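# Summary of the model geometry
Chain residues, written in single-letter form:
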Amino acid sequence: MQFSGSPGLILPGGGARAAYQVGVLKAIAAVLDEDRLPFTAISGISAGAINAIAVAQNAASFGDAVEQLEALWGNLKPEKVFLVDYGVFQGLISRKNGSASSLLDNTPLRSLIDSHINPAGLEQSIRSGLIKGLAISASNYSTGEATTFLQADSDSTTWHHDRRDGVLATLSTSHVMASSALPMLFPAEEIDGQYYVDGSLRMTAPLSPAINLGADRILVIGVRNETPSDPADALHPPSMGEIGGYTLESMFSENLNTDLERMQQLNHMLNLIPRWRRRRSGRRQIDVMVIRPSEDLRVIAARFSLALPRGLRLLLRTVGGWGHEWRLPSYLLFDGGFTRALMDLGYRDGLKQRPALEKFFS
C-alpha cells in the first residue's frame, strides 16, 4: 500500500521484553505492500534502541531488517548478553573507585551490538531521504538530564528543554549500550567523559524525539500488558526483588503512559481552536497509535524461567524476585525460547490491528 506524510516509530525499553516489538514489526511488514521502511522518524530507548537502529540502518529493505532482528532475538542466550560464569558476582570482583559498578557484566552485549550495527547503512538511509533521522535516548548520570543522541538530515535541529537535551551525534555501539544500561544491573557507559544509564530512567517525554524529527503521527510498540494486576497478588509485603521488578516496569511504562495522556489532552485542546489560529501558533495535532501485548509477559516468562543461568536464579531467589510475579526475570530472560514466544505474540497482535495499521499509514 502507499503511505503518506511522516510516520514516526517509537520503540521503548524493556530488556528481553523488547523481542515483542520485533513480532509487531514483522506484522507491519506483512500488512504493507512496501519494501522500504514505512517510518521516517525513529526513536529507540533502552533495548528498543537495538531494534530502532536495526530498522533505521536498513531502511531500503524493511523486510530484511525484520528478518535480521528475528534471527538476532530468536537465537539469544543469556551468555550473549551478560557473563554467566560469575556475572551475578561481577560487582564484587570488578570494582571501580573501591565500589561495585554493577551486578552483571554486559561485555558480551557490546560484542553482539557491534556485530549488528552498520554505521554506513544508517548514514545512507538518512542521506538518501528514506528516513529523516534516528534518535537514541540515554540518562545522563553526570547531569541528571535525559540526553537524546540524534543522527539526522541537515534540516534537523537540536533542542534543550527542562532536563531534556537533543544533541547531534554519529550513533555507535556506545550510544546503544548507554541507552540500554539497566540501572544497577548493567554498568554505566562513558561517552565523551560523561556517564549514561538506561534512557527510560530520565525520559519524561518519550514521544518528543519523534515529534522533533517532524513526525505527523506516531506508532508506539509497548512491552507491557495494561490489564490491572489482581489485588490478591499483593497480599504479602513485597520483597526486594519484587520491588526491583516493579521499579523497572514503572520506569519503562509510566513515563510513556503519562506522555500519551498529555498528547491526548493537547490534541483535544487543538481541536477546539480554529484551524487558521492553530497554523499561526505552530502547534499541530499528532495522532498516536499504540500496540501493546495482549497477554501478560510475566506469565510467559514463568514458562521459560529455568533458562536463566543458575547463578542468576540463585540471586533472584535470594532477593525474593523468583517464583511469584516474575516481573524481574521477564526483563532478564534473554533466551531464544522466551524471545521467540514474545515475537510470535507480537506478530499475532500486529495482524489483529491490520485495519488500524492500514488507516495509520494511509
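Presented here is an overview of the structure given in this document. (Residues numbered from 1 in each chain as written. Predicted model: local features only at pLDDT ≥ 70, side-chain atom pairs only at ≥ 80, totals over all residues. Heavy atoms only, no water.)

## Side note on the overall build of the protein
A tally of helices and strands in the protein yields 15 helices and twelve strands. Overall size of the protein, expressed as C-alpha extent along the three principal axes, is 60 × 45 × 35 Å. Across the 362 residues in the protein, those meeting the buried criterion constitute 55%. For the protein, the exposed area adds up to about 16,100 Å²; of that, 51% sits on carbon and sulfur atoms. Counting 35 positive and 37 negative side-chain charges, the protein places the averaged centre of each group 4 Å from the other. (Helix = DSSP H or I, 4+ residues; strand = E, 2+ residues; numbered from the N terminus. Buried < 20%, exposed > 50% of the residue type's maximum accessible area, 1.4 Å probe, protein only. Areas by Shrake-Rupley, 256 points an atom, 1.4 Å probe, with all protein chains shown as cover. Lys, Arg positive; Asp, Glu negative; His and termini not counted. Charge placed at Lys NZ, Arg CZ, Asp CG, Glu CD.)

## Notes on helix α5 (residues 107–116)
Within the sequence span of α5, burial applies to Pro108, Leu109, Leu112 and Ile113. The arc that holds the buried residues of α5, viewed along the axis, is 135°, so those residues lie on one side. Where α5 is buried, its residues meet α2 (48–56), α3 (62–74) and α7 (173–179). (Arc of directions from axis to C-beta. Contact = heavy atoms within 4.5 Å.)

## Details of the packing of α3 against helix α14 (residues 336–352)
In contact at an axis separation of 8 Å, α3 and α14 are set at 140° when each is read in the N-to-C sense. Side by side, α3 and α14 meet where Glu70, Trp73 and Gly74 of the first sit next to Gly336, Thr339, Arg340 and Met343 of the second. Residue composition of the contact of α3 with α14, by class: two nonpolar, three polar and two charged. (Axes fitted to C-alpha atoms, helices over the stretch in contact; angles between N-to-C directions. Nonpolar A, V, L, I, M, F, W, Y, C, P; charged D, E, K, R; others polar.)

## A few points about the packing of α14 against helix α15 (residues 354–361)
Angle between the axes and distance between the axes: these two values describe a pair of packed helices. With their axes 5 Å apart at the nearest point, α14 and α15 run at an angle of 70° to one another. As judged from the angle between their axes, α14 and α15 are roughly perpendicular. Of α15, the residues touching α14 (which contributes Gly350, Leu351 and Lys352) are Arg354, Pro355 and Leu357. Its residues placed into classes, the contact of α14 with α15 shows three nonpolar, one polar and two charged. (Parallel < 35°, antiparallel > 145°, perpendicular 65-115°, else oblique.)

## With respect to α3
Helix length check: α3 (13 residues) gives 18 Å between terminal C-alpha atoms against 18 Å at 1.5 Å per residue, within 8%. As for α3, its buried residues are in contact with α1 (19–31), α2, α5 and α14. (Expected span 1.5 Å × (residues − 1).)

## Looking at unusual backbone geometry
Negative phi values dominate among residues other than glycine, just as trans dominates among peptide bonds. At Ser46, a position not held by glycine, the phi torsion is positive, near 60°. Of note in the backbone geometry, Trp326 takes a positive phi value of approximately 60° without being a glycine. By secondary structure assignment, the location of Trp326 is in the loop between α12 (310–319) and α13 (327–332).

## Thoughts on the packing of aromatic side chains
Both the distance between ring centres and the angle between the ring planes are used here to describe each pair of aromatic rings. Evaluated as defined, the whole model comprises six aromatic pairs. Measuring from ring centre to ring centre gives 5.0 Å for Phe360 and Phe361, while their planes differ by 85°; the resulting arrangement is edge-to-face. Across the pair, Phe361 and Phe360 agree in class, each one buried. Among the aromatic residues, those joined into a ring-pair cluster are Phe39, Phe360 and Phe361. Arg17 extends its terminal NZ or CZ atom over the ring of Tyr331, reaching a point 4.3 Å from the ring centre. (Phe/Tyr/Trp six-rings, centres within 6.5 Å; stacked < 30°, edge-to-face > 60°. Lys NZ or Arg CZ within 6 Å of the ring centre and 35° of its normal.)

## As for the pattern of salt bridges
Across all of its chains, the model carries 16 salt bridges by this definition. Residues Glu295 and Arg348 are paired through a salt bridge, measuring 3.6 Å at the closest nitrogen-oxygen approach. Taken together, the positions of Glu295 in the loop between β12 (287–291) and α11 (297–304) and Arg348 in helix α14 put the pair 53 residues apart, joining distant regions of the chain. As a salt-bridge pair, Glu325 and Arg327 come within 2.9 Å of each other at their nearest N and O atoms. Among the charged side chains, a salt-bridge network with shared partners connects Arg17, Arg224, Glu226, Glu249, Glu254, Arg292, Glu325 and Arg327. (Salt bridge = Lys/Arg side-chain N within 4 Å of Asp/Glu carboxyl O.)

## Examining the environment of Glu70
Note that Glu70 resides in helix α3. With near-sequence residues (within four places) excluded, Glu70 lies in contact with Val22, Lys26 and Met343. For Glu70, the side chain forms a polar contact with the side chain of Lys26, separated by 3.2 Å. (Polar contact = N/O pair within 3.5 Å; in protein donor to acceptor, adjacent residues only side chain to side chain.)

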